[in-house]
Amino acid sequence: MPSDTSEPSPVAIFKRRESEVRSYCRSFNAVFKSAAGAQLCDEDGNSYIDFLSGCSSLNYGHNDPDMKAALIAHIAGDGLAHGLDLHTGAKAGFLEAFERHILKPRSMDHRVMFTGPTGANAVEAALKLARKVTGRTNVIAFTNGFHGMTLGALSATGNGYHRGAAGVTLNGVTRMPFDGYFGDGTDTAEYLAAMLVDKSGGIDAPAAILLETVQGEGGLNAARPEWVRRIAELAKAHGALLIIDDIQAGCGRCGTFFSFEEMGVVPDIVTMAKSVSGFGLPMALMLVRERHDVFGPAEHNGTFRGNTHAFVTARVAIEKFWADDAFQKALAVKAAVLSAALADVAALIPGARLKGRGLMQGVDVGSGELASQICGRAVDQGLIIETSGSEDQVVKVLAPLTTPEEIFNKGLSILTDSARRAMDATRQAAE
């Protein structure tokens, strides 16, 4: 009997042994080997432009040379790799840089709490703290919101597919319509206001109101500043804490370090993760106004509530990109380029519309199938890009904020061409 001489598939081991829960990798028939800046390379030597950025975990690109050098020096010098929440020089360096360049210039009195390393854990801590501060249990969250997969965070998440995997009843949250949910004719902030003051509105007094200013996984729904301000007013009037989940929208993704900076609000709590480490290392934190910092020692605990390696790279990221306003100004220019390019994409597709803000933008093409076809064609041309939204109908651009102009424009050209080819194929199939 002849032996099988065929070459094994490069992804065979993953299909054979990795859990069926894997997701992003299903879109890419490649095994990635290296990365630098805004580009990835696979084991066959193929290069890809990265418009996914670890789902906004790599806002400063892959392997930033200054962060890498600092991390290598820390490791080579036997710097702590793990320190629980012990005092370390690496942690002090991060806190001092964060205080000097982020908190003080924005007149924020917030304390920094290091939670477990995921965004979901930061959200869990925020919900627990709000409930402890207020003595209440109910949390108001919004349609299409995404806050994590652990049970508390999942209760605040709107997506039915993810909620269905919980296996238990998810409660403690009242769901309200996000800005624009009913179209331009309905102000959903006033809708919430009316229900909160109505003694028969059916809403228990909230411990917190939790929101994303731009809903990343929910389809790049961007709240208007006036809507966010009104929600903040309602939270204060009704004795609730305002929690802004800046896990995906923060760290410059919307054009400023925090997504809410130019909205005239000061959240009681801010959750951060993803790019807060600067280097793609697991790190999450919760910012809480000093008067609400009421957890007792270890009341929200975790073995990995302080990633020492992430402290090293996060400090460099802050000092390199946020010590002055040059980086922020560059982001505004790049966001304008992105908006113009996405308008060209939307013009190719009947009914398509732009979504998002800053460098967290995309195009709602009206169909998850079409969005998938566009992204698939883009991958074939060397562009890594993904979808979001309730039906995966939004083609979402999350390019590294540091992407060089030439590479950025090339990626956008690939995206435009992919949309054109997908539409041509759709028309041909219909004929």
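In case you missed it, the structure is sitting above this.
Residues numbered from 1 in each chain as written. Predicted model: local features only at pLDDT ≥ 70, side-chain atom pairs only at ≥ 80, totals over all residues. Heavy atoms only, no water.

> Help me out: how do you make sense of the sheet that holds strand S2 (residues 39–42) in this one?
Sheets are built from strands paired through backbone hydrogen bonds, the pairs being either parallel or antiparallel. One open sheet holds the four strands; their spatial order is S1-S2-S3-S15, and the pairing between them is mixed. The strands lining the two open edges of the sheet, one partner per strand, are strand S1 (32–36) and strand S15 (383–384). As judged from the three bridges shared by S2 and strand S3 (residues 47–50), these two strands associate in the antiparallel manner. Pairing of Gln 39 across the sheet is with Ile 49, part of S3. (Pairing = 2+ DSSP bridges. Helix = DSSP H or I, 4+ residues; strand = E, 2+ residues; numbered from the N terminus.)

> I tried to follow the packing of helix H12 (residues 368–380) against helix H13 (residues 405–430) on my own but got confused; where do I start?
When two helices pack together, their arrangement is given by the angle between the helix axes and by the axis-to-axis distance. Viewed as axis vectors pointing N to C, H12 and H13 meet at an angle of 125°, and their least axial separation amounts to 8 Å. Regarding the angle of H12 to H13, the classification is oblique. Here the hand of the crossing between H12 and H13 comes out right-handed. Only Ile 414, Leu 415, Ser 418, Ala 419, Arg 421, Ala 422, Met 423, Ala 425 and Thr 426 of H13 make contact with H12, whose side of the interface consists of Leu 370, Gln 373, Ile 374, Arg 377 and Ala 378. (Axes fitted to C-alpha atoms, helices over the stretch in contact; angles between N-to-C directions. Parallel < 35°, antiparallel > 145°, perpendicular 65-115°, else oblique. Left-handed = near helix turned anticlockwise from the far one by under 90°. Contact = heavy atoms within 4.5 Å.)

> Is there a simple way to think about helix H4 (residues 89–103) in this case?
Owing to its 3.6 residues per turn, the α-helix brings residues three or four apart onto one side. Here H4 is 15 residues long and its end C-alpha atoms lie 20 Å apart, about the 21 Å a rise of 1.5 Å per residue gives. Regarding H4, the residues found buried are Ala 90, Lys 91, Gly 93, Phe 94, Ala 97, Phe 98, His 101, Ile 102 and Leu 103. Buried residues along H4 sit against helix H3 (65–76), strand S4 (111–114), strand S12 (285–288) and helix H10 (308–321). (Expected span 1.5 Å × (residues − 1). Buried < 20%, exposed > 50% of the residue type's maximum accessible area, 1.4 Å probe, protein only.)

> Please clarify how the layout of surface pockets should be interpreted in this entry.
With a probe scaled to a water molecule rolled over the atoms, the places where space remains empty come into view. There is about 700 Å³ of room inside the second largest pocket. What lines the second largest pocket is a set of 24 residues, and nearest its centre among them are Asp 85, Val 112, Met 113, Phe 114 and Asp 293. Put simply, the parts of the chain that give the lining of the second largest pocket at least two residues each are H4 and S4. Element by element, the count of residues in the lining of the second largest pocket is highest for H4, at five residues. Classifying every residue of the lining of the second largest pocket by side-chain character gives 12 nonpolar, five polar and seven charged. (1 Å grid on protein atoms, 1.4 Å probe; cavity = no way out; pocket = protein on both sides within 12 Å on 5 of 7 lines; lining within 4 Å. Points joined across faces, edges and corners; volume = space filled by probe spheres on them. Nonpolar A, V, L, I, M, F, W, Y, C, P; charged D, E, K, R; others polar.)

> I tried to follow the pattern of salt bridges on my own but got confused; where do I start?
Any two side chains of opposite charge can pair if their charged atoms end up close together. Taken as a whole and assessed by the stated rule, the structure comprises 21 salt bridges. As a salt-bridge pair, Arg 26 and Glu 20 come within 3.0 Å of each other at their nearest N and O atoms. Overall, Arg 26 belongs to the partly exposed group, its relative accessible area being 47%. By relative accessible area, Glu 20 is classed as exposed at 57%. A salt bridge links Glu 190 to Arg 230, with the nearest nitrogen and oxygen atoms 2.7 Å apart. Here Glu 190, found in helix H8 (residues 188–197), pairs with Arg 230, found in helix H9 (residues 225–237); they are 40 residues apart in sequence, far enough to count as distant. Among the charged side chains, a salt-bridge network with shared partners connects Glu 20, Arg 22 and Arg 26. (Salt bridge = Lys/Arg side-chain N within 4 Å of Asp/Glu carboxyl O.)

> I'm lost on H13 in this one. Help?
Given a rise of 1.5 Å per residue, 26 residues ought to cover 38 Å, and the 38 Å separating the end C-alpha atoms of H13 matches this to within 8%. The set of residues buried in H13 consists of Ile 407, Phe 408, Gly 411, Leu 412, Ile 414, Leu 415, Thr 416, Ser 418, Ala 419, Ala 422 and Met 423. Buried residues along H13 sit against S2, S3, helix H11 (326–347), H12, S15 and strand S17 (394–397).

> Just to check I follow, could you spell out unusual backbone geometry for this structure?
Most peptide bonds take the trans configuration, and most residues that are not glycine carry a negative phi. The residue Cys 55 is not glycine, and still its phi comes out positive at about 55°. Mapped onto the elements of the fold, Cys 55 is located in helix H2 (residues 53–56). Since its relative accessible area comes to 7%, Cys 55 is described here as buried. In the Ramachandran plot, Leu 220 falls in the positive-phi region, its phi being about 60° despite a non-glycine side chain. Within the secondary structure, Leu 220 sits in the loop between strand S8 (214–215) and strand S9 (221–222). According to the relative accessible area criterion, Leu 220 is buried, its value standing at 0%.

> Where do I start with the pairing of S3 in this structure?
In summary, the side chains of a regular strand alternate between the two faces of the sheet. Where S2 folds back onto S3 in an antiparallel hairpin, the turn is made up of four residues, including Gly 45, whose phi is positive at roughly 90°. Bridging between S3 and S15 involves two bridges; their strand directions are parallel. Its bridge partner lying in S15, Asp 50 is registered against Ile 384.

> Would you take a moment to explain the state of the cysteines for this structure?
Such a bond, covalent and formed between the sulfur atoms of two cysteines, is termed a disulfide. Inspection of the entire model under this criterion finds zero disulfides. Between Cys 25, a cysteine without a disulfide, and Cys 55, which holds the nearest cysteine sulfur, the sulfur-to-sulfur distance is 14 Å. Between Cys 375, a free cysteine, and Cys 55, which holds the nearest cysteine sulfur, the sulfur-to-sulfur gap is 13 Å. (Disulfide = S-S within 2.5 Å.)

> Which parts of the structure should I look at to understand the packing of aromatic side chains?
Between two aromatic rings, the relevant description is the distance of the centres plus the angle of the planes. The full count for this structure, using the stated rule, is 20 aromatic pairs. Seen from their ring centres, Tyr 60 and Phe 327 are 6.2 Å apart, and the 40° between their planes marks the pair as tilted. With Tyr 60 in the loop between H2 and H3 and Phe 327 in helix H11, this pair connects stretches of sequence that are 267 residues apart. Across the pair, exposure class does not vary: Tyr 60 and Phe 327 are buried alike. (Phe/Tyr/Trp six-rings, centres within 6.5 Å; stacked < 30°, edge-to-face > 60°.)

> I'm lost on the sheet that holds strand S6 (residues 173–176) in this one. Help?
The seven strands are arranged S4-S12-S11-S10-S7-S5-S6 in an open sheet whose pairing can be described as mixed. Each of the sheet's edge strands pairs with one partner strand only, and the pair in question is S4 and S6. Across this sheet, the average inter-strand angle for adjacent strands is 20°, counted without regard to direction. Relative to strand S7 (residues 206–211), strand S5 (residues 138–142) runs parallel, the two sharing three bridges. Opposite Val 139, over in S7, you have Ala 208 as the bridge partner. Against the sheet, helix H5 (residues 119–134) contacts S4, S5, S7, strand S10 (241–245), strand S11 (269–272) and S12, and its axis sits at roughly 175° relative to S10.

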